[in-house]
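Structural overview
Take a look at the letters that make up each chain.
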Amino acid sequence: MATVPFPIIKPNHHPNDLKPFSSFSSLPKPTIPIKTNNNKKKNINKKINYRTSTIISSYSNKASKGKNNNGSSVQEGEEKKLGFVDYAKGKHKPVSVEVTGFRKDDIPKRYRLRVEGDRSQRDWTISEVVERILKLKHWDDIDGKVLNRWPGRFARKNFPLLIREITKVGALEHSVQVFRWMKNQKNYCARNDIYNMMIRLHGRHNQTDQARGLFFEMQEWRCKPDVETYNALINAHGRAGQWRWAMNIMDDMLRSSIPPSRSTYNNLINACGSSGQWREALKVCKKMTDNGVGPDLVTHNIVLTAYKSGGQYSKALSYFDLMKGTNIRPDTTTLNIVIHCLVKLGEYEKAVDIFNSMREERAESHPDTVSYTTILRAYSVCGQIENCKAIFALMLAEGFNPNIVSYNALIASYASQGMHKDALSVFNGLKRIGMQPDVVSYTSLLNAYGRSGQPKKAREIFEMMKRSSLKPNLVSYNALIDAYGSEGLLTEAVEVLREMEGDGIQPNVVTICTLLAACGRCGQMVKIDSVLSAAKSRGVELNTTAYNSAIGSYLSVGEYDKALTLYGSMRRKKVKPDSVTFNILISGCCKIGKYGESLQFIDEMKDLKIPFSKEVYSSAICAYSKQASGYTGQLAEAESMFTTMKMNGCFPDTITYTTMIHAYNAAENWEKACELFQDMEMNDIQPDSIACSSLMKAFNRGCQPARVIHLAQLMREKAIPFSEATFFEIISACSMLRDWRTTMDLIEMMEPSFSIVSIGLLNQLLYFLGKSGKVETMMKLFHKIVASGAEINFGTYSILLKNLLAVGKWRKYIEVLLWMEDAGIQPSLGMYRSVYSYAWKGSGTEYVALIQERIESLRGKVGKEIPTMLYTYTELPPQ
């Protein structure tokens with residue numbers, strides 16, 4: 001998760017006033033005012049006392065002239081814009097374009113006479129014909145129900161208009177039937193524009209074979225392909241990712257002596273770029289310039305998209321800088337691509353600056369839904385969920401309609417933090433507005449439940465996705481495997497893998513990484529071997545991330561040799577290790593006590609010139625600190641590493657400071673540890689309970705118990721939660737100070753956690769109270785511990801008995817002995833022996849007999865007599 005400063009929306013200001021804050025810790029919850037339009041007419045509230053109905057009607061292309069393939073003039077059909085507004089009732093009909101076409105009065109007289117006597121004939125406009133066709137199912141008799149009842153079929157000039165209108169709505173099956181019917185008409189004449197429109201329509205539906213078939217068919221009808229035909233065919237193959245086909249079509253075009261246009265080059269560049277072939281796209285762009293066809297804004301956007309698709313984000317930004325030197329001004333699409341690349345490179349401030357500049361009133365390019373969605377994803381990467389919500393609310397306030405991608409981005413942001421309730425709320429809201437969730441929506445919601453530790457719920461979402469007739473993809477299966485693996489349910493995770501392969505989806509390296517991580521959590525070394533074998537048998541090549549997961553899993557189960565062997569295999573296969581690899585190796589060696597080996601990995605990392613990350617610095621400091629108690633030089637190395645970390649601009653975090661405090665603690669240097677803690681506060685780094693317990697331990701070892709109590713008060717003021725380690729150190733400090741009042745306050749704090757606190761810590765607390773003479777308080781605490789359901793062991797009773805006997809409460813002592821027996825814990829001979837003299841001197845005859853009985857019973861169990869010196873020690877009279 002990124003921790004760099006990130007600009008957000010400043011509260012109580014207009015959304016245009018976006019300015020960066022200093023750090024994440026100071027980010028308030030932004031409030032988004034709704035932007036209003038102040039340019040309304042002054043007389044908008046003027047009362048209207050009469051009903052007015054306005055019809056918006058305009059004509060375009062009326063009686064306009066064109067030429068067909070034969071060179072004869074063509075009168076195109078009329079286009080009429082219609083709209084309706086009723087101010088009195090507050091009703092309106094959106095403006096629409098109606099294509100009239102050639103009606104019954106425009107067709108030849110011989111055809112007009114044929115249709116006038118037929119009642120089934122309807123003199124529809126082109127738009128009415130298209131509307132009626134679309135109402136029918138594609139398998140219905142479109143010919144008999146609509147087309148053969150339309151007099152306009154006798155006007156040849158209606159055919160291109162009809163194809164244009166029906167292909168415009170993207171109805172492939174209906175368009176194919178209309179085109180088939182059209183070719184069967186006697187007055188039909190093949191035209192390039194008709195075939196071009198049909199080729200483009202098939203390209204929109206990724207039916208490249210059918211598009212090529214139309215290309216050859218039009219030549220059979222003696223229609224010579226023109227530049228628009230080749231453009232449509234190149235575009236169709238580009239949409240399908242067939243960039244080599246697109247290149248070959250370009251060559252055929254040149255062989256046919258048809259000069260390519262700027263659109264031709266743009267389509268070809270887009271075909272290469274969308275397939276990830278950004279180098280080929282640049283070659284076409286260079287060829288375009290060499291041939292004297294200058295690039296336009298569309299060309300630049302396509303090249304930027306090619307860089308983005310190929311993951312060349314830095315090159316895209318460099319190209320954008322070159323673009324600024326031209327006379328072509330970037331538009332919204334250009335800036336959206338630049339924002340996306342900046343987010344991918346982690347340059348969030350620059351991304352938000354561009355976004356803010358787009359939102360200025362005088363900006364040439366204003367943000368759209370894609371812009372808001374990209375910025376939302378940037379906040380999601382940084383873990384700023386409140387700002388994700390604010391950006392989504394701002395998008396709505398600015399009048400933009402979020403699309404399915406926007407909703408999916410918001411769901412994914414909640415999923416990244418395991419906020420399943422919020423993710424489900426957005427998912428349900430998506431369905432309420434009539435938008436159908438897609439596979440990404442379901443997968444993001446599934447991931448939200450997986451991150452929140454609810455694999456059963458994740459499975460329910462997975463099954464819901466399949467019931468919605470959506471086929472889970474590889475990402476969906478990987479998310480479900482991770483949901484089970486995160487909870488240590490390795491068997492269920494493997495079952496999902498088998499189910500995935502049964503559905504014909506092959507696992508990838510992400511699947512293997514997820515299973516390896518699950519094996520490490522479960523501590524099953526055999527399973528790690530099985531997963532690696534499965535990856536090898538399926539031909540999955542392990543990358544750096546996969547090797548890191550496997551090495552980490554081996555080290556988590558203590559298999560150092562296997563981890564080292566796998567690291568050697570990684571180097572032999574020339575898979576380059578990164579800082580994560582060395583951090584796993586260094587920290588793993590420290591956990592199993594191989595500090596010398598961890599230092600060797602540090603030296604190897606330096607030799608490979610791999611930059612140290614914050615985590616590597618912390619692990620290296622830990623490795624040096626573990627040897628600091630015996631070697632002064634190792635502490636100096638840890639200090640040098642800490643200083644180098646600061647100089648290299650890698651600011652230490654809480655973990656790094658805590659590790660360094662551990663180093664000073666091991667070297668018994670509490671002064672240095674205290675200075676480091678103060679430096680931590682000066683740098684606005686909030687200490688956690690681990691850092692505080694480490695400093696407390698250093699204080700106790702340096703005989704500074706008063707500082708421990710002061711630090712405990714500081715923890716209360718800063719609302720730092722107390723851990724078991726901090727309680728232990730505070731009790732130790734109170735014991736040294738004889739400060740039983742602070743201990744009483746501590747007991748009140750610990751009481752709700754008695755059931756989960758270790759019995760060792762509770763025993764220490766009982767021992768301190770008893771040693772301080774607070775026997776009654778000790779017994780009350782014991783009863784509270786028993787009531788909480790905490791586990792009571794032999795040592796607990798020993799502490800009670802010793803302190804009770806020290807103050808002469810022998811009757812309570814005997815009662816506790818009976819409690820021990822009732823709890824199934826057998827008292828020792830020494831416990832009975834210690835109280836015998838007290839009971840005998842205190843005239844407790846009934847207790848003396850009971851104790852003698854218990855001693856005889858235990859004597860028989862151990863099979864030997866109590867030694868004579870035993871009687872002397874306890875002053876028992878001879879029997």
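If you look the chain up in an unreviewed UniProt entry, it shows as Pentatricopeptide repeat from Macleaya cordata. You can read under Sequence similarities (unreviewed entry) in the UniProt record for the chain the words "Belongs to the PPR family. P subfamily."

1. Let's talk about the confidence of the model for the chain
Scored by pLDDT, the chain has a mean of 80; 84% of the residues are at 70 or more. Averaged over each element, pLDDT in the chain is lowest for helix α44 (residues 868-874) (34) and highest for helix α6 (residues 192-204) (94). In this model residues 1-75 is a low-confidence stretch, pLDDT under 50, and it forms 138 contacts with partners more than four residues away in sequence or in other chains. pLDDT under 50 marks residues 863-879. Its contacts with residues more than four places away, or in other chains, come to 16 contacts.

2. Quick look at the environment of T511
With respect to the helices and strands, T511 occurs in helix α24 (residues 509-522). If sequence neighbours within four positions are ignored, T511 has contacts with L474, N478, I481, L497 and M500. Separated by 2.9 Å, the side chains of T511 and N508 make a polar contact.

3. Regarding the nonpolar core
Ranked by internal contacts, the top residues of the largest apolar core, which has 239 residues, are L162, M182, I551, I730 and M750. Of the residues that make up this core, three or more belong to each of domain 1 (260-328) and domain 2 (439-506). Setting aside chain neighbours within four positions, we find I730 in contact with M696, V708, I709, A712, F722 and L746. In terms of nonpolar packing, the next biggest core, distinct from the first, is built from six residues, Y111, V115, F154 and A155 among them.

4. Some points on the environment of T514
Position of T514 among the secondary structure elements: in helix α24. Taking the relative accessible area as the measure of exposure, T514 reaches 11% and is therefore buried. Once the C-alpha coordinates of T514 and A550 are considered, the two residues, 36 residues apart in sequence, prove to be 10.0 Å apart. When neighbours within four sequence positions are excluded, T514 is seen to be in contact with N478, I481 and D482. Separated by 2.8 Å, the side chain of T514 and the backbone oxygen of V510 make a polar contact.

5. A word on the packing of aromatic side chains
Tallied over the full model, the rule gives 22 aromatic pairs. Look at Y372 and F400: their rings are 5.3 Å apart centre to centre, the planes differ by 50°, and that puts the pair in the tilted class. Here F400 lies in the loop between α17 (385-397) and α18 (404-416) and Y372 lies in helix α16 (residues 369-381), a separation of 28 residues in the sequence. Accessibility expressed as a relative area gives 23% for F400, which makes it partly exposed. Plain terms: the ring middles of F642 and Y657 are 5.5 Å apart, the flat faces sit at 70° to each other, and that makes the pair edge-to-face. One end of the pair, F642, is in helix α31 (residues 632-647); the other, Y657, is in helix α32 (residues 654-666), with 15 residues separating them in the sequence. Accessibility classification places F642 together with Y657 in one group, the buried group. In textbook terms, an aromatic cluster arises when at least three aromatic residues are bridged by ring pairs, as seen for F159, W181, Y188 and W221.

What counts as what
All residue numbers refer to positions counted from 1 along the written sequence of the respective chain. Reporting in this predicted model follows two pLDDT cut-offs: at least 70 for local features of residues, and 80 or more for side-chain atom pairs to be given and counted; totals over whole chains, interfaces and linings ignore these cut-offs and use all residues. To get the side-chain values, all heavy atoms of the structure are used, and hydrogens and water are removed first. UniProt positions are given in the numbering used here, feature names are shortened, and annotations may be inferred rather than shown by experiment. Each residue carries a pLDDT score, the predictor's confidence in it, ranging from 0 to 100. The secondary structure listing takes helices from DSSP runs of H or I that are at least 4 residues long and strands from runs of E that are at least 2 residues long, numbered from the N terminus. By definition in these notes, contact holds between two residues if any of their heavy atoms fall within 4.5 Å. Polar contact is defined as a pair of N or O atoms within 3.5 Å, subject to the rule that within protein one atom must be able to donate a hydrogen and the other to accept it, and that residues adjacent in sequence are counted only when both atoms are side-chain atoms. Buried residues of nine kinds, namely Ala, Val, Leu, Ile, Met, Phe, Trp, Tyr and Cys, make up a nonpolar core once their side-chain atoms join them within 4.5 Å. Only protein chains enter the accessibility calculation, which uses a 1.4 Å probe; a residue is then buried when its area is under 20% of its type maximum, exposed when over 50%, and partly exposed in between. Residue ranges for the domains originate in an automatic or database domain assignment. Think of it this way: a Phe, Tyr or Trp ring, Trp meaning its six-membered ring, pairs with another when their centres are within 6.5 Å, and the plane angle makes it stacked under 30 degrees, edge-to-face over 60, tilted otherwise.

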